[in-house]
Amino acid sequence: MNHSSTSKEQLIKRFHQGVELLKDNDQVFTDRYIRNVEVFKTYFPDIYQVMDGYSPIKKSVFLEEDGGLNLFDTENETVLFTDQPFSMVIDNVKAQLKKPHRTELKIGKGSNKTRHEFYMDKFSAYLDKSYDEVSAQESMPEYVPSMLMFGLEFGYNLYFLYQEVDIQNLYIYEPDLDFLYYSLFTIEWLDIVEKANQLDARIHLSVGITEQEFVDKYYPYIFRKGLYLAPVTYMYFSLSFREMKDAAKTFSEQYARQVYGWGFFDDAMIGVSQSIAAPSNKEFFTSHYQPNDRSLRDIPIFIVANGPSLDQNIDFIRQHRDSVILVCCGTTINTLHRLGIKPDFHVDVERMRITVDKIELVPEEFRKGVAALTANVIHPDFYKLFDRVGVSLKPGEVASTIMQKLAKSSDLELPLLFNSAPIVANTALAYFTMMMFRNIYLIGVDCGFKDKDHHHSIHSGYYKDGKNTHLIHYYHRRLDEVEGNFGGVFYTDFVFGNSKLYLETAVAYAKKTDRMFRCYNMSDGVKIEGSIPLRPIDYLPSSPLRDRKSIIDKIFSTHFTGSESLGSLSEEFARMESELDSLFAYMKSGWVDSEDLSRAAVMRRLAEFNDSIGNYYNTDFHAIYELVIGSFTYFACYMSLFLYQNEHDSSVLEDTQVMYDHWCDFVDEMKEMFHDVHEFIDKGDSALMAKYNA
């Protein structure tokens, strides 16, 4: 709340005068409240249930001479607004109209190796295109496809903002129910609702909840509306925003969840092709937080990744190797082989052939007896490298959706391995938390680094003779500074930031499922919320494990099942053809008529296409949604960014037709690619492998 420049005595006098003024106008406010209650009962029934009979906590409201309602904080002797609430709010609205805040997203250019990347580079070129006499869009546009409003300000900000711009999808977050309650007295909500109905727009109210609950609810909302809106969502910050800084911070930190992992058509086809080609010597993961065998659940699980801090813990791992189940992640198997430390489990998830190429550098004798855990989209040659392979279903994959459907027809439940991306450490933690092991230790799971040149273990294949091979480098990437597990500052990029987020989500869910669960972070890397920082000197050793093979056998017999009972993935995939043809036909049914071209028309057409794909989400053809939504989201995202980086202009709008024509060309290619599903097994990348130090 703002401190008034007047003396406290004058402020208190103003408050008492305002209370009398409010009493004099009681009937006006009461009548408005009654009307608004009916509006909420009709249009916001869920919120009506919350507000029905609600009694505000902050009761010291009064009326200013300009007719605006104000709030007096009796404890601190401050007020919400100045003595002119209308002017104060209008000034804030004008300031944000002039210099609005908007979510940002930069999509890097692809390698142009896939047809998806080929077409996305065509769309990307429009972001670099300049137009004579067309300026960059700096003020808030007249049509806003998506807005997130932090704080309601008694509804005054909503009322004045709604008079200035057309907002298609408005999401209002107000943690204080009192502010919503008083808006029922201050503004005519029916005016807001009627304008929304005229625009065929949507208003979503998220009130009286914590900042984390807000973020958790916002993601499904933007998911339904279309993830392509993520980079063109405008934000309005209320005058009381400083009281919601934690919400903005949480939103900013977890914003990546909206814009990460869209996938694309070619990638989905690789996953299907490689799932079809997978041999039968695999066992499917069936455990979804089912109670673990008592003889297993307390065994220490060391999840070992290839981060820089692995080097500090090599002797520690050797010292306790016999008393733990050792799980290595991705290229860590090459590092452990070099160090002479054999794991019990190897976990991998990347679908490209280079994953297999790296493992093939490890001698067969070393791999013997090591069990593998992976995802169903892995390259089919992966299965040849290990005697025993456990397979989970990766979320968001066409192949996973079809395999779940096939399993269900055989009375078999195959869960999706949630929180298993973006890197292998996430996959490993997802496996062992879903199997409900209680004592998990993260080693070398750094999710960042202190030095750009030291991003992996010095013993890994990314270094030769102590020098970086530059197979991976971070010189020109955007890096964020984050808190370290043992203090200090670490650098993390987009992928590592997402890895941290999903590690934290997996830990939080495991704790909720089993109150005895503990995750110890022994990595000198970024802080993982929910995990317990632990130095090697503080580790409590356990007894050596007896008959390690029997333990691994029991893990598989408890949490996995054979794959022989599943039907034909190839045949089920082919069944989608007619439905996919119908969707593609609609996608090519035309753009916006030239005489109707406007930002609003373009964004609504994108919404129609998005909805046509989304209609498959809860149907028997859910796999069609997963096959097409990724590439469409990229296309629609480029289109949206293009529209809103330039001011409204006919030449800009005309180019949306050209971009749409490119999309139709890609749709034609997708249709042909669908029939060549068996041709999408990845062939590998010899240039990348040449930089990997075996």
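The sections below set out a description of the structure shown in this document. Keep in mind the model is a prediction, meaning the values are calculated, not measured. (Residues numbered from 1 in each chain as written. Predicted model: local features only at pLDDT ≥ 70, side-chain atom pairs only at ≥ 80, totals over all residues. Heavy atoms only, no water.)

Quick notes on the overall build of the protein
Looking only at helices and strands, the protein has 27 helices and 24 strands in total. The globule rule puts the C-alpha radius of gyration for 694 residues at 26 Å, and the 29 Å found for the protein is close to it. C-alpha atoms of the protein, sized along the principal axes, occupy 90 × 60 × 50 Å. Taking the contacts inside the protein whose residues are at least 6 apart along the sequence as the reference set, 76% of them involve residues at least 24 apart. Within the protein, one finds 71 positive and 101 negative side-chain charges whose respective centroids are separated by 6 Å. (Helix = DSSP H or I, 4+ residues; strand = E, 2+ residues; numbered from the N terminus. Rg over C-alpha atoms; globule rule 2.2 N^0.38 Å. Contact = heavy atoms within 4.5 Å. Lys, Arg positive; Asp, Glu negative; His and termini not counted. Charge placed at Lys NZ, Arg CZ, Asp CG, Glu CD.)

Observations regarding the pattern of salt bridges
A complete count under the given rule lists 34 salt bridges for this structure. The residue Arg 351 makes a salt bridge to Glu 397 at a minimum N-O spacing of 2.4 Å. With Arg 351 in the loop between strand E14 (345–347) and helix H16 (353–360) and Glu 397 in the loop between strand E16 (388–392) and helix H18 (398–409), this residue pair connects regions lying 46 residues apart in the sequence. Here Arg 351 matches Glu 397 in class, with each residue buried. The shortest N-O distance in the salt bridge between Glu 360 and Arg 353 comes to 3.6 Å. Here Arg 353 falls in the buried class, since its relative accessible area comes to 14%. Each of the salt bridges in this network shares a partner with another, and the network as a whole consists of Arg 353, Asp 357, Glu 360, Asp 381 and Lys 384. (Salt bridge = Lys/Arg side-chain N within 4 Å of Asp/Glu carboxyl O. Buried < 20%, exposed > 50% of the residue type's maximum accessible area, 1.4 Å probe, protein only.)

A few points about the sheet that holds E14
With mixed pairing, ten strands are arranged side by side in an open sheet as E23-E22-E17-E12-E13-E14-E15-E16-E11-E24. At either end of the open sheet lies a strand with only one pairing partner, and these are strand E23 (532–533) and strand E24 (560–562). Pairing of strand E15 (residues 371–375) with E16 involves five bridges; the strand directions are parallel. Paired with Leu 373 across the strands is Gly 390, a residue of E16. Against the sheet, helix H21 (residues 548–559) touches strand E11 (283–285), strand E13 (325–329), E14, E15, E16 and E24, its axis set at about 75° to E24. (Pairing = 2+ DSSP bridges. Axes fitted to C-alpha atoms, helices over the stretch in contact; angles between N-to-C directions.)

Concerning the packing of aromatic side chains
Applying the stated rule across the entire model yields 63 aromatic pairs. Ring geometry for Phe 123 versus Phe 635: centroids 5.1 Å apart, planes at 50°, classification tilted. Here Phe 123, found in helix H5 (residues 115–127), pairs with Phe 635, found in helix H25 (residues 622–645); they are 512 residues apart in sequence, far enough to count as distant. The interplanar angle of 55° and the centroid separation of 5.5 Å between the aromatic rings of Phe 432 and Phe 437 together place this pair among those described as tilted. Taking the relative accessible area as the measure of exposure, Phe 432 reaches 0% and is therefore buried. For the cation-ring pair, Arg 32 lies above Phe 29, with the distance from its terminal atom to the ring centre recorded as 5.7 Å. (Phe/Tyr/Trp six-rings, centres within 6.5 Å; stacked < 30°, edge-to-face > 60°. Lys NZ or Arg CZ within 6 Å of the ring centre and 35° of its normal.)

What to know about the nonpolar core
Counting residues in hydrophobic clusters, the biggest one holds 182 residues, and the most contacted among them are Phe 150, Trp 189, Phe 214, Leu 627, Phe 632 and Trp 663. Tallying contributions element by element places H25 first for this core, with 16 residues. Counting 50 residues, the second-largest nonpolar core is a separate cluster that includes Tyr 289, Ala 371, Val 526 and Ile 552. (Core = buried A, V, L, I, M, F, W, Y, C linked by side-chain atoms within 4.5 Å.)

Some points on the packing of helix H2 (residues 26–43) against helix H8 (residues 189–199)
The contact between H2 and H8 brings their axes to 9 Å, and the two run at 35°. Seen from H2, the contacting residues are Asn 36, Val 39, Phe 40 and Tyr 43; seen from H8, they are Trp 189, Leu 190, Val 193 and Asn 197. The residue makeup of the contact of H2 with H8, split by class, is six nonpolar, two polar and no charged. (Nonpolar A, V, L, I, M, F, W, Y, C, P; charged D, E, K, R; others polar.)

Quick word on the sheet that holds strand E1 (residues 61–63)
Read from one edge to the other, the open sheet built from three strands follows the order E1-E2-E3, with strand pairing classed as antiparallel. The open sheet has two edge strands with one neighbour each: E1 and strand E3 (78–79).

Some thoughts on unusual backbone geometry
With omega at 10°, the peptide bond leading from Ala 421 into Pro 422 counts as cis. Tracing the chain through its elements places Pro 422 in the loop between H18 and helix H19 (424–434). Here the phi dihedral of Glu 77 falls at roughly 55°; this positive angle occurs in a residue that is not glycine. Positive phi outside glycine occurs at Tyr 289, with the angle close to 55°. Its location among the elements puts Tyr 289 in the loop between E11 and helix H13 (294–297).

As for the environment of Thr 656
Tracing the sequence through the fold places Thr 656 in helix H26 (residues 650–675). The class for Thr 656 is buried, based on a relative accessible area of 0%. Sequence separation of Thr 656 and Tyr 126 is 530 residues, and the distance between their C-alpha atoms is 9.4 Å. In this structure, Thr 656 is in contact with Trp 591, Leu 597, Val 602, Met 639, Phe 642 and Leu 643, ignoring residues within four places of it in sequence.

Re the side chain of Asn 521
Among the structural elements, Asn 521 can be located in strand E22 (residues 518–521). For Asn 521, the residues in contact, after removing those within four places along its chain, are Leu 442, Asn 485, Phe 486, Val 526, Ile 528, Ser 531, Ile 532, Pro 533 and Leu 534.

Some points on the state of the cysteines
Applying the stated criterion across every chain, the model contains zero disulfides. Left unpaired, Cys 328 is separated from the closest cysteine sulfur, that of Cys 329, by 6.9 Å. Take Cys 519: it sits in no disulfide, and the sulfur closest to it among the cysteines is that of Cys 447, at 11 Å. Its relative accessible area of 1% is what places Cys 519 among the buried residues. (Disulfide = S-S within 2.5 Å.)

From the geometry alone we can't say anything about function, so treat these as descriptive.
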